[in-house]
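Observations on chain architecture
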Amino acid sequence: MSCPEMGVWGLSEMPETNRDEYSVAKPYNRKREQLSIVKYYDRMRELGCFSLQDVTDMVGERSAVAYLVNDYQRKGYIDRIHRNLYTVMDTEKEEPVLTKYQIGSRLFPDAYICLRSAFEVHGYAPRGGNEVFVATGTRFTDFRYNGVFYRRIHPKAIATTEWVAGSLVTSLEQTVVDSLHCFEGSRGLEDVVECIVRLPQLDADKLLQCLERYGNGYLYQKCGYVLEQLQEYVKLPEGFYRECRKHCASTVRYMVKGAEGLVYHRGWGIYGPCLKND
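Residues numbered from 1 in each chain as written. Predicted model: local features only at pLDDT ≥ 70, side-chain atom pairs only at ≥ 80, totals over all residues. Heavy atoms only, no water.

1. Here's the deal with the side chain of Ser179
- Positionally, Ser179 belongs in helix H8 (residues 172-182).
- By relative accessible area, Ser179 is classed as buried at 5%.
- Only 2.7 Å separates the side chain of Ser179 from the backbone oxygen of Thr175, close enough to count as a polar contact. (Helix = DSSP H or I, 4+ residues; strand = E, 2+ residues; numbered from the N terminus. Buried < 20%, exposed > 50% of the residue type's maximum accessible area, 1.4 Å probe, protein only. Polar contact = N/O pair within 3.5 Å; in protein donor to acceptor, adjacent residues only side chain to side chain.)

2. Quick look at the pattern of salt bridges
- Counted by the stated rule, this structure contains 13 salt bridges.
- We note a salt bridge from Glu194 to Arg127, for which the minimum N-O separation is 3.1 Å. Within this pair, whereas Glu194 is found in helix H9 (residues 185-196), its partner Arg127 is found in the loop between helix H7 (115-122) and strand E6 (131-135), the two being separated by 67 residues in sequence.
- A salt bridge links Glu238 to Arg245; its shortest N-O distance comes to 3.9 Å.
- We classify Arg245 as partly exposed; its relative accessible area is 32%.
- Sharing partners across several salt bridges, the network here consists of Arg127, Arg187, Glu190, Asp191 and Glu194. (Salt bridge = Lys/Arg side-chain N within 4 Å of Asp/Glu carboxyl O.)

3. Concerning the environment of Tyr254
- Tracing the backbone shows Tyr254 in strand E11 (residues 253-254).
- Residues contacting Tyr254, with those up to four places away along its chain left out, are Tyr218, Leu262 and Tyr271. (Contact = heavy atoms within 4.5 Å.)

Next comes the structure, spelled out in C-alpha cells:
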C-alpha cells in the first residue's frame, strides 16, 4: 500500500513531527564504531589478560562477544593464550604487551609466579628460561604459548607474595624455601644454589616464618644445611641455624638420592653434596 504523505512531501520535506516515524534505519556511524573499538581495546589493555566473561562485562551483550573477539583476533589486537584466556597484542611488534611472567600471574585469580621463575623476575637468576612456574589452586594442563611453557605448581603452603615488575611473585625468602623444598636431583639443587649466591641479604625471621608454615622437619634440615654451606654469601645469624636444628627431623636423610660423593653432615643429620667453593 502506498503512503500518500510521502507523495506530497518527500522524506526531506516531511514535517519535523513525522520524520522519525518513517526513518526506521539510522545511517552507519563509522566514527561511533571506531570509538567503541578504542574503548574496548583500552579496557583490554588495562586488564592485559582477560576472559570471555570479561568481554561480556565490557560489551554488555553476550551475543556480540564472539563477533568482537573473532574480529579483534583477525585484526591482531588480541591473541588467545589458552582455552578461555586472551592477551592484548602490540600491533607493531606483533607480540603480547605483557611479559611471560605477567601472563603467568594472570592465568587465574589466585595465580602467582614461583620457584626459578620468581628468581628470574627478581633479577637473581644467572640466565632466563623458557618455562614459567605458576602456583595456583586451579587445575590446568601445562601448555605452551609464544614459545614459553607454562607449568602448574600446586601451592604447598600459604605463600608470601609481592608485586615485582607487574607480576605477582613469591618473596625472595619464600622463593628460597620453596625451591629447596621441591628441587629435583643434583642439577636442580645446583640451579637453586646459583640463584641463592646472587641474592641480597635475606631476612632470617621471614625465612623461619616460611618454614613454620610448611611445618616440615626435613625442610628445616635441607634449608639449614644448604644455607649454612653458603654462609659466606647469605650471612645469616647463628640464631637462624639454631632454630632450624630445633625442628629438624630425627631421621637421617639423603638430600639427593642416587648421587655420588655425598658427605654425611652430623650437625644436620643429612647426606648431601659439598656446596662450598674452595
